[in-house]
2 protein chains.
Amino acid sequence: MKELKSIIDLTNSFKKFPSVGSKSAERMAYALLDMDKSEIDEIINAIENVSTKVHQCPICGVLTENNICSICEDKNRNHSTCIVVSHSKDVLAFEEIGTYHGVYHVLNGEISAYHGVTPKDLRISELLDRIDKEDIKEIIIATNPNIEGDTTALYLAEILKNKNVKVSRIGFGMPIGGQLDYTDSYTLKKSLENRTSIKEEK
Amino acid sequence: MKELKSIIDLTNSFKKFPSVGSKSAERMAYALLDMDKSEIDEIINAIENVSTKVHQCPICGVLTENNICSICEDKNRNHSTCIVVSHSKDVLAFEEIGTYHGVYHVLNGEISAYHGVTPKDLRISELLDRIDKEDIKEIIIATNPNIEGDTTALYLAEILKNKNVKVSRIGFGMPIGGQLDYTDSYTLKKSLENRTSIKEEK
């Protein structure tokens, strides 16, 4: 007797998710057998909802279920200051601090030779358009503190040289090698306060 | 801005699986956003297949996609020897050895005061029926070597006292290739209890 095909298929499906190894995936597949129909329907619905309802805000790239995200729509926020992040979920980390009232721009990744991600794959031209159209005065780069994030920050600084905009990068607090979405809000708050200018305003 | 409802729902769904914590579940939910439609459909199909096709063999309780499992249906196997396991998945471990040609009986758990599992919750009456009907001559109990597994084994031994059937429990001790100083005391205690003579007394 060998493992059942449908259990192997489900194990392989679960293995596609990050940080789910072979043994965890198998455990998850078996766990499904102990769930009742309503629980399984709930899981399937949740997967379908995320895949159909959630999309990126056409302005900033933050994930939203509305046409335009709640941050871009909020007239009370400061639309002249913009934090540039690699991924939409990094925005939540900054929102949790509660003291930042500017807007965001999601790049959808970081420049990476290893993963073959070039500047063209990122939402950089969209950022340049926004700077012109939305009268953005300050850009705070909040890419991750690793090789890809550093490369992306340097590339952005270079690209933004000729724009009339202050450019800084968050600095203090973030441990090197850490990841934004695992960082506590106190550390993030410090990193905002201690941001260092990498390009002066003209 | 707060986390999107559909992402929260999916994160909560993933958290229902064993060894999936809050952060892992959230990562999995976000990972889904990077998958294309065909991959997501594959995952949903895999979940549906497992939940609709897989059921327990009505004879031995092993998970199967057929009416009766391939082991119970196999006339070449020795149907008079039966290994009793706690969970269907334990059967695969024995099948991997390749030298056991008897049948199995799945209890669907182990007696546990902590988890409120009583003998009535297990497939014990089914085992007694099989001993009578299928002419089983030997029962090998292979519940786990822990408090619950030991309790279940002792309970079965007591229940089977009046049946004309040989009852044994798989041997416990040092795993092959293991190291003494890395072995826990429970295992070492078992290995002393289960010592085998290699030279008889004169």
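Because the structure is a prediction, the values reported are computed rather than measured.

Engineer: Can you walk me through the pairing of strand 5 (residues 138-141) of chain A in this structure?
Structural biologist: The side chains of a regular strand alternate, first on one face of the sheet and then on the other. All names here are of chain A. Of the two faces of strand 5, the one holding E138 and I140 and the one holding I139 and I141 are both buried throughout. Bridge count for strand 3 (residues 78-85) against strand 5 is four bridges, and the pairing is parallel. By the bridge assignment, C82 is partnered in strand 5 with I139. Both strand 5 and strand 6 (residues 166-169) contribute to a ladder of four bridges, which runs parallel. Looking at the pairing, I139 lines up with V167 of strand 6. In this fold, strand 5 hands off to helix 7 (residues 147-159), which returns the chain to strand 6; that crossover is right-handed.

Engineer: Whenever I open this one, the side chain of B:T81 confuses me. Can you help?
Structural biologist: All names here are of chain B. Mapped onto the elements of the fold, T81 is located in strand 3 (residues 78-85). On the basis of relative accessible area, T81 is assigned to the buried category, the value being 13%. Only 3.1 Å separates the side chain of T81 from the side chain of N78, close enough to count as a polar contact.

Engineer: Mind showing me how you'd approach helix 1 (residues 5-15) of chain A here?
Structural biologist: Residue pairs spaced three or four apart in an α-helix point in one direction, given the helix's 3.6 residues per turn. Residues of helix 1 of chain A that are buried include every one of A:S6, A:I7, A:L10, A:T11, A:S13 and A:F14, and no others. Down the axis of helix 1 of chain A, the buried side of the element spans an arc of 160°, and every buried residue falls inside it. Against helix 2 (22-33) of chain A together with helix 3 (37-53) and strand 2 (63-64) of chain B lie the buried residues of helix 1 of chain A.

Engineer: Help me out: how do you make sense of the packing of helix 3 (residues 37-53) of chain A against helix 3 of chain B in this one?
Structural biologist: Helix-helix packing is described using two parameters, namely the angle between the two axes and the distance between the axes. Their axes nearest at 11 Å, the elements helix 3 of chain A and helix 3 of chain B cross at an angle of 175°. Here helix 3 of chain A is positioned roughly antiparallel relative to helix 3 of chain B, judged by the angle of their axes. Contact with helix 3 of chain A, carried on its side by A:I40, A:I43, A:I44, A:I47, A:E48 and A:S51, involves B:I40, B:I43, B:I44, B:I47, B:E48 and B:S51 of helix 3 of chain B and no other residues of that element. The class makeup of the residues in the contact of helix 3 of chain A with helix 3 of chain B is eight nonpolar, two polar and two charged.

Engineer: What is the right way to look at the packing of helix 1 of chain A against helix 3 of chain B in this model?
Structural biologist: Axis separation between helix 1 of chain A and helix 3 of chain B bottoms out at 9 Å; the angle between their running directions is 145°. Remark: the crossing between helix 1 of chain A and helix 3 of chain B carries left-handed chirality. In this structure, helix 1 of chain A contributes A:S6, A:I7, A:D9, A:L10 and A:S13 to the contact, and helix 3 of chain B contributes B:E42, B:I43, B:A46, B:I47, B:N49 and B:V50. When its residues are assigned to classes, the contact of helix 1 of chain A with helix 3 of chain B shows six nonpolar, three polar and two charged.

Engineer: Where do I start with the pattern of salt bridges in this structure?
Structural biologist: Once their charged atoms are close, side chains differing in charge can pair, the charge on each being opposite to the other. Taken as a whole, this structure holds 20 salt bridges over all chains when the rule is applied. Linking A:K137 and A:D135 is a salt bridge whose minimum nitrogen-to-oxygen distance equals 2.9 Å. Using a relative accessible area of 39% as the deciding quantity, one classes A:K137 as partly exposed. Under the relative-accessibility criterion, A:D135 is labelled partly exposed at 48%. Between B:D41 and B:K37 there is a salt bridge, with the nearest N and O atoms lying 2.8 Å from each other. Of this pair, B:D41 and B:K37 both sit in helix 3, four residues apart, which is roughly one turn of that helix. Note on B:D41: relative accessible area 31%, which makes it partly exposed.

Engineer: What is the right way to look at the interface of chain A and chain B in this model?
Structural biologist: Facing 51 residues of chain A, the contacting portion of chain B comprises 49 residues. When chain A packs against chain B, close to 4800 Å² is buried across both sides, 73% of that on carbon and sulfur atoms. At the junction of chain A with chain B, the criterion picks out two salt bridges. Residues B:K16 and A:E42 are paired through a salt bridge, measuring 2.5 Å at the closest nitrogen-oxygen approach.

Thresholds applied
Residues numbered from 1 in each chain as written. Chains lettered and ligands numbered in written order. Predicted model: local features only at pLDDT ≥ 70, side-chain atom pairs only at ≥ 80, totals over all residues. Heavy atoms only, no water. Buried < 20%, exposed > 50% of the residue type's maximum accessible area, 1.4 Å probe, protein only. Helix = DSSP H or I, 4+ residues; strand = E, 2+ residues; numbered from the N terminus. Pairing = 2+ DSSP bridges. Right-handed = clockwise from strand over helix to strand, strands pointing away. Polar contact = N/O pair within 3.5 Å; in protein donor to acceptor, adjacent residues only side chain to side chain. Arc of directions from axis to C-beta. Contact = heavy atoms within 4.5 Å. Axes fitted to C-alpha atoms, helices over the stretch in contact; angles between N-to-C directions. Parallel < 35°, antiparallel > 145°, perpendicular 65-115°, else oblique. Nonpolar A, V, L, I, M, F, W, Y, C, P; charged D, E, K, R; others polar. Left-handed = near helix turned anticlockwise from the far one by under 90°. Salt bridge = Lys/Arg side-chain N within 4 Å of Asp/Glu carboxyl O. Buried area = accessible area lost by both parts, 1.4 Å probe.

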